[in-house]
Each structure stands twice: as structure tokens, then as C-alpha cells.
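Examining the three-dimensional arrangement
Okay, here's what each chain looks like letter by letter:
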Amino acid sequence: MKSVYIEITNVCNLHCSFCPCGTQSQGDRTFMDSKLFDDCITGAQEIGATSVYFHVLGEPTLHPGFAHYLKKLEQTPLKLTLTTNGTTIERVGRQILASPAVRQVNFSTHAYAELPRETAERHLQNVLDFCRIATIERPELYINLRLWNVGAEEATPWNSYMLGRIRETFGVDVTPGHFCSRHKSFNITGRLYLHEDTRFEWPKPNEKVENRDERIAGTCRALDTHVAILHDGRVVACCLDHSGQITLGHIAEQTLSEILQTPLVCKLREGFAQHELRHPFCQNCSFCKRFK
């Protein structure tokens, strides 16, 4: 298994229409404590993972211990792929650039399409400033400017503006008009990319599936390439299972390697290998349908 998603917080400072964070009440949001985080990175190393993410939901840079967690990660061979909305990059950018544990940064710039224009432009400017500095100081750092809103007409004005700002900042005319499922990344300069994709629907928690005898065809990369750990320590099968619909265990009670050997995990893995979706959560997931 290559990656472990560690949701260090499910707190976010935006309320995007396409994200479950936008519908959660503030009382349901919290931060992962340091002991749980230690258990997570220990578990990731035990199963042979090489990389971690700091999210399932949430904006990881809002965690008051974000810099501390970067330092903890630096003491391991694990590398971080950080996905952020970029709204705090003016404050945490130097911490990210200074950390050798950070291998890649993904900026969810499609979120800005729903913000007031002046606010969106300010956030984008800060992100582009970070990218410009990173290409000089950390040329080995991968950076994706994500526009995961292909086909959303309401986002077209923002996307056009953003492409214009990329051209002005880096002197590169990125024209991603030939987007397709096999061609999503467009190089800007060095290891800086524009990354396009369509929006996807998050699986809906507690949605019932009609009882049926026949198998539902489909597969997923969950429990093959990755597993996820929520902010409260629950281990879940999928990086989209933000509400713990497929809870496999708790990282404070068992090691991650023990959890990944339970009968439920074996059943799910066997189903994916045989192209069968065996859990109601998976059967309701439209993201599964992206995999052949």
C-alpha cells in the first residue's frame, strides 16, 4: 500500500458547494491530537507506505500543530502530498518550503470560483507568489494548480481569469482545451502544473441501497493503493469516506497492520479484485465508476 490519508482536521474556512465540509455543523469539527497523529505515522510506516496526505476533509494548514506535524514527519521516511485551498499560504508558505518532507502541493483553486471576486483574486495572487518562489527555492517540489470544475459553466469566468494570471506570471500560455480523462495535467514551468478534472459527487452517508441478490459490478483502489484515518482515529477504507461508513477499526486501539487484516478488509479487497462492490457505501459511490 502506497499512501495513508491522515485527516489531521475536518475544520475548513471555506464552505464550497461541492464539498461535504460546506454542510457540516461547526460542532462536528475538530483537530487530531498529537498522540493520534503519532499512531498514524507509525502505522503508515508499519504497512510500508511511502507517502501520506493530511486530509480527507478539512484544510490541514488550519491545524494549530501543522508546523509541528511537519517536523514529526521529517523524522520519518514518509513524504507528504499536501492538498490545500491556499487561503493561508501567505502565513504557512515558508514552513512548507522549509520542510524536506513535503514532496507535492495541490492547490484547490477551483474553490475560488465561489468566492467574492476581490477575495478570490487576492488568494490566487498569494498562491502564484508561492509558486514563483518555489520554482526557484524548491525546484524539485511538485505543484498542481487544480481546476476540478471542467464542464461547470458558472466557473468559466474564473477559469479564464486564472489562465490569464498564469500567463502574466510565468509567461506561458496554457491552453487546456484538449482535456480528456487521459490528459489532465498541463505543464506551466518546471514541476508546476495546471491540473484539470471534472467535479465528482462525494458518496452520501447513510444512503440505503435496495436489497438485492445480484452482485453490483465495479472496483476501487481503496485498500490497494491507500487507506484513510479520520481526525478521531477511525480507520476507513476509502479517502472519500469522511463520515466513517466503512469503519475498519480505531488507530488508538489496534495497529494499522492489524486493522488491515480483519475479515471486513479481506472481504472488501476480494470484492474489488473480482470487480464486485460488496458494501452499500461503495455501491452508492459514483467515483468507483471512473475505474474500469
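The present account deals with the structure reproduced in this document.

How each quantity is defined
- Residues numbered from 1 in each chain as written.
- Predicted model: local features only at pLDDT ≥ 70, side-chain atom pairs only at ≥ 80, totals over all residues.
- Heavy atoms only, no water.
- Helix = DSSP H or I, 4+ residues; strand = E, 2+ residues; numbered from the N terminus.
- Buried < 20%, exposed > 50% of the residue type's maximum accessible area, 1.4 Å probe, protein only.
- Pairing = 2+ DSSP bridges.
- Expected span 1.5 Å × (residues − 1).
- Contact = heavy atoms within 4.5 Å.
- Polar contact = N/O pair within 3.5 Å; in protein donor to acceptor, adjacent residues only side chain to side chain.
- Salt bridge = Lys/Arg side-chain N within 4 Å of Asp/Glu carboxyl O.

Here's the deal with unusual backbone geometry
The backbone of Leu223 sits at a positive phi, close to 65 degrees, despite the residue not being glycine. Considering the arrangement of structural elements, one finds Leu223 in the loop between strand E8 (216–217) and strand E9 (226–229). The backbone of His275 shows a phi angle near 60 degrees, a positive value even though the residue is not glycine. Here His275 lies in the loop between helix H7 (263–273) and strand E12 (276–277). Residue His275 is classed as partly exposed on the basis of its relative accessible area of 40%.

Structural notes on the pairing of strand E1 (residues 3–6)
A two-sided burial pattern is seen for E1, the buried positions comprising Ser3 and Tyr5 on one face and Val4 and Ile6 on the other. Bridging between E1 and strand E2 (residues 51–53) involves three bridges; their strand directions are parallel. Among the inter-strand pairings, Val4 is bridged to a residue of E2, identified as Val52.

Side note on helix H1 (residues 34–46)
Compared with an ideal rise of 1.5 Å per residue, which puts 13 residues at 18 Å, H1 spans 18 Å between its outermost C-alpha atoms and is within 8% of the ideal. Of the residues making up H1, those classed as buried are Leu36, Phe37, Asp39, Cys40, Ile41, Gly43 and Ala44. Buried positions along H1 lie against E1, E2, helix H2 (66–74), E9, strand E11 (247–250) and helix H6 (256–259). N-cap assignment for H1: the residue whose side-chain oxygen lies 3.1 Å from the backbone N of Lys35 is Asp33. Gly48 lies just past H1 and shows a positive phi near 85 degrees.

Some details on the pattern of salt bridges
Applying the stated criterion across every chain yields a total of 14 salt bridges. Asp38 is the salt-bridge partner of Lys72, the closest N and O atoms lying 2.9 Å from each other. Taken together, the positions of Lys72 in helix H2 and Asp38 in helix H1 put the pair 34 residues apart, joining distant regions of the chain. The class of Asp38 is partly exposed, set by a relative accessible area of 27%. Taking the shortest distance from any N to any O, the salt bridge between Asp232 and Arg234 comes out at 2.9 Å. Its relative accessible area of 28% is what places Asp232 among the partly exposed residues. Three or more residues joined by partner-sharing salt bridges are found here, namely Glu270, Glu276 and Arg278.

Quick notes on the side chain of Thr76
Summarising the element assignment, Thr76 is placed in the loop between H2 and strand E3 (79–84). A distance of 2.8 Å separates a polar side-chain atom of Thr76 from the backbone oxygen of Leu73. Polar contacts involving the side chain of Thr76 include one to the main-chain amide nitrogen of Leu78, which spans 3.1 Å. Once you skip the residues sitting within four places of it in the chain, Thr76 turns out to touch Ile41 and Gln45.

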